[in-house]
Amino acid sequence: MADEPLVLGIETSCDETGVGIVRGTTLLADAVASSVDEHARFGGVVPEVASRAHLEAMVPTIERALKDAGITARDLDGIAVTAGPGLAGALLVGVTAAKAYAYALGKPLYGVNHLASHICVDQLEHGALPEPTMALLVSGGHSSLLLSTDITSDVRPLGATIDDAAGEAFDKIARVLNLGFPGGPVIDRYAREGDPAAIAFPRGLTGPRDAPYDFSFSGLKTSVARWIEAKRAAGEDVPVRDVSASFQEAVVDVLTRKAVRACKDEGVDHLMIGGGVAANSRLRALAQERCEAAGIRLRVPRPKLCTDNGAMVAALGAEMVARDRPASAWDLSADSSLPVTEPHVPGHHHHDHVHEVSKENLYS
Ligand SMILES: Nc1ncnc2c1ncn2[C@@H]1O[C@H](COP(=O)(O)OP(=O)(O)OP(=O)(O)O)[C@@H](O)[C@H]1O
Ligand SMILES: [Mg+2]
């Protein structure tokens, strides 16, 4: 529909410069420039390298997204940007770019939460999110169960990891196995040829007295690392495929079990899974199986929309416009530890600069 908001979203919370353009819940462009190769030899993301790469990639990636969408910047109804959480310096590049474009174009600016964006992106795949929706958010920095009745204003955490995030565990085990970075995709690949029941790795926080919706992956990580060390010490080959499959099974078993339980306990019949780890093929398959058995409808975006991208930020921005949320103030700042409970970041000054600027239309 032509009257749905046309929004450009900028994502720079980690190592991908993502620029997406959506109209309502329709994806028009999703341009990404990644600095992942520049970090590979360090075994993790180097913040300063990421910030510099964002700076270089920003304008060309925005230009590419506009071209892909077949629109000009003047057509936009708003500019959304990840205000947090993420790497402070990296976020700052995105927030500053978004402000500059929004100000120059006379468009409203929307600071949005990266984590809520990982949930909202599913609207581009499966249409409007049901309300309420249970969300299992599993990424490089977070693993949480969230209940949302409105993705622009109400995200309630039911539980979260008490130590490592699921993606972090994938990355660490991949490092122990010398498989490179990021670890998720490569472990996923090896696991397909391995036996998930080969090694019985522990399922963290699944005892009867444990917090039902919290996660813990650090014990699992240690257990897998010890198992590998013991093999090496004995001079035996490490069966990478079986270790990958068994480790992955331990992670996704716990994630899906707790997510389904949360849905049942809260009487919610829709589960969405978002964040980079939602790209995992075994997580998707097991979640499908267990949701079907429990009468829960599962929604998982296609893998490309699960990892960081600009389209997810645009999707949440478009939802902000559709729901008449106020634009963010020009003093919007990046917040590296923005809580998941704040999907929308208003900034501090509430006078309406946007309309003043739009009269001048500085960009034309
Ligand atoms: N197929 C996969 N299987 C398992 N993990 C995966 C897969 N693909 C990506 N990942 C993991 O997803 C993580 C990256 O996801 P994402 O880009 O959402 O994280 P992030 O943005 O770094 O963290 P956050 O969103 O919490 O700030 C990495 O840890 C990566 O190993
Ligand atoms: Mg992310």
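Residues numbered from 1 in each chain as written. Chains lettered and ligands numbered in written order. Predicted model: local features only at pLDDT ≥ 70, side-chain atom pairs only at ≥ 80, totals over all residues. Heavy atoms only, no water.

In the nomenclature of an unreviewed UniProt entry, the protein chain is known as tRNA N6-adenosine threonylcarbamoyltransferase of Streptomyces doudnae. Entered under Catalytic activity (unreviewed entry) in the UniProt record, the comment concerning the protein chain runs "L-threonylcarbamoyladenylate + adenosine(37) in tRNA = N(6)-L-threonylcarbamoyladenosine(37) in tRNA + AMP + H(+)". Heading Sequence similarities (unreviewed entry) of the UniProt record for the protein chain holds this comment: "Belongs to the KAE1 / TsaD family." (UniProt positions renumbered as here; feature names shortened; annotations may be inferred.)

Novice: Just checking my understanding: could you explain the side chain of aspartate 188 for this structure?
Specialist: With respect to the helices, strands and loops of the structure, aspartate 188 is situated in helix 7 (residues 183–191). Here aspartate 188 falls in the buried class, since its relative accessible area comes to 6%. Discounting residues that sit within four places of it in the chain, aspartate 188 has contacts with Gln248, Ala279, Asn280, Ser281 and Arg282. (Helix = DSSP H or I, 4+ residues; strand = E, 2+ residues; numbered from the N terminus. Buried < 20%, exposed > 50% of the residue type's maximum accessible area, 1.4 Å probe, protein only. Contact = heavy atoms within 4.5 Å.)

Novice: Even after reading the chapter, I still don't get the site of ligand 1, so can you show me in this structure?
Specialist: Around ligand 1, 21 residues are found, and the nearest of them are His114, Ser139, His142, Asp171 and Asp308. Here an oxygen atom of ligand 1 sits 2.6 Å away from a polar atom, N or O, in the side chain of histidine 142. At a separation of 3.0 Å, a nitrogen atom of ligand 1 approaches a polar side-chain atom of asparagine 280. Protein burial of ligand 1: of its 640 Å² of free accessible surface, 89% is covered by the chains. Looking at the shell around ligand 1, the elements with two or more residues in it are helix 4 (114–120), helix 6 (166–176) and helix 7. Residue contributions to the shell around ligand 1 peak at four residues, all from helix 7. Residues of the shell around ligand 1, tallied by class, amount to six nonpolar, twelve polar and three charged. (Near = heavy atom within 4 Å. Polar contact = N/O pair within 3.5 Å; in protein donor to acceptor, adjacent residues only side chain to side chain. Areas by Shrake-Rupley, 256 points an atom, 1.4 Å probe, with all protein chains shown as cover. Nonpolar A, V, L, I, M, F, W, Y, C, P; charged D, E, K, R; others polar.)

Novice: In this structure, what is going on with the sheet that holds strand 1 (residues 6–11)? I would like to understand it.
Specialist: Strand pairs in the sheet, formed through backbone hydrogen bonds, run parallel or antiparallel to each other. Read across the sheet, six strands follow the order 3-2-1-4-5-11 without closing on themselves; strand pairing throughout is mixed. Strands at the two margins of the open sheet, each flanked by one partner only, are strand 3 (26–34) and strand 11 (344–345). With two bridges connecting them, strand 5 (residues 109–113) and strand 11 associate as antiparallel partners. Directly across from valine 112, in strand 11, lies its bridge partner histidine 344. Here helix 3 (residues 88–105) sits on the sheet in contact with strand 1, strand 4 (78–84) and strand 5, set at roughly 160 degrees to strand 4. Set on the sheet, helix 12 (residues 310–322) makes contact with strand 1, strand 2 (16–23), strand 3, strand 4, strand 5 and strand 11; between it and strand 1 the angle comes to about 135 degrees. (Pairing = 2+ DSSP bridges. Axes fitted to C-alpha atoms, helices over the stretch in contact; angles between N-to-C directions.)

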